[in-house]
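# Coordinate inspection notes
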Amino acid sequence: MKFEDLLLEIGGFGRFQILILFILCLPRINLPMHFLLHNFLAATPSHHCAIPHQEAFVNLTMEEVLLISIPREPDGTFRSCEMFSQPQFQLLLNSSLQPENDSIIQPCQHGWVYDHSQFTSTISTQWDLVCEQRGLNQATATFFFIGVTMGAVIFGYLSDRFGRKTMLLLSLVCSVVFGMLSAASISYSMLAITRTLTGVALSGVSLIVLPLGMEWVDIQHRTLTGILTSIFWSIGNMLLAMVAYLVREWHWLLVAVTGPCLLSIVCLWWVPESARWLIANGKVKQAHRHLLRCARMNGRKDFAEDVPLLIYAQRIVLQWEYKKPGGSYSYISLFRTPVLRKISLCSGAVWFGVAFSYYGMSMNLTGFGLNMYLSQFVFGIIEIPAKVIMYALVNRVGRRQSQAWALILTGLCIGANVVIPKPFTSLRSVVAIMGKGFSEAAFTTVFLYTSELYPTVLRQNGMGYTSFVARLGGALAPLVFLLDEVWRSLPEVTYCGVAVCCGSVAFLLPETLNVHLPEGIEDIE
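Everything quoted here is computed from the prediction, not taken from an experiment.

Conventions adopted
- Residues numbered from 1 in each chain as written.
- Predicted model: local features only at pLDDT ≥ 70, side-chain atom pairs only at ≥ 80, totals over all residues.
- Heavy atoms only, no water.
- UniProt positions renumbered as here; feature names shortened; annotations may be inferred.
- Helix = DSSP H or I, 4+ residues; strand = E, 2+ residues; numbered from the N terminus.
- Domains from an automatic or database assignment.
- Contact = heavy atoms within 4.5 Å.
- Buried area = accessible area lost by both parts, 1.4 Å probe.
- Salt bridge = Lys/Arg side-chain N within 4 Å of Asp/Glu carboxyl O.
- Expected span 1.5 Å × (residues − 1).
- Buried < 20%, exposed > 50% of the residue type's maximum accessible area, 1.4 Å probe, protein only.
- Arc of directions from axis to C-beta.
- Axes fitted to C-alpha atoms, helices over the stretch in contact; angles between N-to-C directions.
- Left-handed = near helix turned anticlockwise from the far one by under 90°.
- Nonpolar A, V, L, I, M, F, W, Y, C, P; charged D, E, K, R; others polar.
- Polar contact = N/O pair within 3.5 Å; in protein donor to acceptor, adjacent residues only side chain to side chain.
- Core = buried A, V, L, I, M, F, W, Y, C linked by side-chain atoms within 4.5 Å.

Here, the residues flagged by UniProt with the feature "transmembrane region" (unreviewed entry) are residues 139-158, 167-186, 192-212, 224-246, 252-271, 343-361, 373-393 and 405-424. The span residues 139-158 carries 100% helix and 0% strand; its end-to-end C-alpha distance comes to 28 Å. As annotated, residues 373-393 has a helix share of 100% and a strand share of 0%, and its two end C-alpha atoms lie 31 Å apart.

With that out of the way, let us pick up the domain arrangement of the protein chain. In terms of domains, the protein chain is made up of domain 1 (1-43 + 130-324), domain 2 (47-114) and domain 3 (333-524). Contacts between domain 1 and domain 3 engage 32 residues on the former and 28 residues on the latter. Where domain 1 abuts domain 3, roughly 2800 Å² becomes buried across the two surfaces, and 68% of that area is made up of carbon and sulfur atoms. In this structure, the connection of domain 1 to domain 3 is made through two salt bridges. Among the ionic pairs, Asp484 bridges to Arg134, the shortest N-O distance being 2.9 Å.

Next up on the list: helix H20 (residues 490-505). Helix length check: H20 (16 residues) gives 22 Å between terminal C-alpha atoms against 22 Å at 1.5 Å per residue, within 8%. Taken together, the buried positions of H20 are occupied by Pro491, Glu492, Tyr495, Cys496, Ala499, Cys502 and Gly503. End-on view of H20: buried residues confined to an arc of 150 degrees, all on one side of the axis. Looking at the packing, one finds that the buried side of H20 touches helix H15 (338-362) and helix H17 (399-419).

Here the focus is the packing of H15 against H17. In contact at an axis separation of 11 Å, H15 and H17 are set at 35 degrees when each is read in the N-to-C sense. Read as a crossing pair, H15 and H17 show a hand that is left-handed. Where H15 approaches H17, its residues Val350, Gly353, Val354, Ser357 and Met361 are matched on the opposing element by Gln403, Leu407, Thr410 and Ile414. A class-by-class count of the residues in the contact of H15 with H17 yields five nonpolar, four polar and no charged.

With that out of the way, let us pick up the side chain of Glu383. Along the polypeptide, Glu383 turns up in helix H16 (residues 372-393). Looking at Glu383, its side chain comes within polar contact range of the side chain of Lys436, at 2.5 Å. When sequence neighbours within four positions are dropped, the list of residues in contact with Glu383 reads Trp233, Ser234, Asn237, Tyr358, Lys436 and Glu440.

A complete count under the given rule lists eight salt bridges for this structure. The shortest N-O distance in the salt bridge between Arg164 and Glu215 comes to 2.9 Å. In this pair, Arg164 sits in helix H7 (residues 164-183) while Glu215 sits in the loop between helix H8 (188-214) and helix H9 (222-246), placing the two residues 51 residues apart along the sequence. Taken individually, Arg164 and Glu215 each receive the classification buried, so the pair is uniform in this respect.

The next point concerns the nonpolar core. Of all hydrophobic cores here, the largest spans 112 residues; its most connected members are Leu24, Phe35, Phe40, Ile123, Leu168, Trp216 and Tyr359. The residue makeup of this core includes at least three contributed by each of domain 1 (1-43 + 130-324) and domain 3 (333-524). Ignoring any residue separated from it by four or fewer positions in sequence, one finds Phe40 in contact with Phe119, Thr122, Leu240, Ala244, Leu253, Leu365, Met372, Tyr373 and Gln376. Counting residues in each nonpolar core, the second largest holds 10 residues, with Cys49, Leu66, Ile70 and Met83 among its members.

Below you can see the structure in the form of structure tokens.
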């Protein structure tokens, strides 16, 4: 008897499962509020060099002081990172005659003045992470994703060793502690360390929430469960826009997005440990208690007497499965045989492209002509229909075609906004929203597709490997924005090129629509 048969006996998708999924969706909402927080936490408002007061400036307006102290860009705006070494009073007579002698221009010497009309404060304004220090500003997001990458390895092992619920509770508690410490940071170094540790903790939430819910749901409802939990990520996207709009000070913004973890901790009291994990680890009494509760809530009280016998049979099956040779497989096994090696290399490239382009678009809210709060909100809304449409499309067109074209079209939309002139804000916005929809469609498909590509004995290793590559793409995505110092459009061209190339690689993968899942490596080869 398989565990799925036991679930059917006690109700595979009843009130018990709906309650669990609802509670587990609360931390799911919280995830994007931290994963995409960099957009608002590290936003850089318009700024210029601070000009020290001089006696000669007494009768001048602020605009005139800036005119003689700071050089202008070709479009007439003041430069953000440079100033004149001496006031250029002749510009008061003719401001269009900008000095051509670069020797009189120097970097800012006395700090910066920021426009506080949109943000009360951000980490950029707190520690002057602009101009030469701009790289540290973008690195904040990279530190966070490095933490997420480390957390995947740590909590992946610990959740198998000590249980799903225990590790989910630990990760939520650590998320609150490190999130609040981030809000209380008194230096950039402290913020970088605490944000990295927050990424480690939140990785546990990301890693455990979906499997814990899935292990209580029958096979027929797993796709629906995946859609529902995925939609709550998009809801978190929209909530981030509203919270950031209401809270413009970075310390309190961190508190606002971390606080909901406390609610998740309280609600976790009603979520049981995975019965499958309990049985496999010999904790039959606890599993018995949870399964009886499930049967009663789902109105299957007549099966209560059969549960102990079913658990005993299931324990024998699971213990046999855990002792099979498949347990000795490792990540190296993904590259030992020719076909599996090809699948691993290609799926790794696809995952990198999906995450790289998704976070590249998600962290470029001001680059498409919309208000950044509206961009964040609309980007969240468009994800919901993209998920629903994609789940229907993969069963008609197939996984391979859907995956490849969703990622290629993401790249083409990013590339299109490189050539569309800036004044065409409405067109640029529409193209950006379409690109975000395709990007989310690619992300939705890759989870389903990858789980079907790998054989059962290597499926967890395969998902772990591709997840690591994806987080690497997420960590590199923010740093690409620094390439605009070489050429203003180079970041977008990079995102476009990577998405199109990685999308094309998906054509090399086998189709899995209506194909039985492979059990062993010999089924793949």
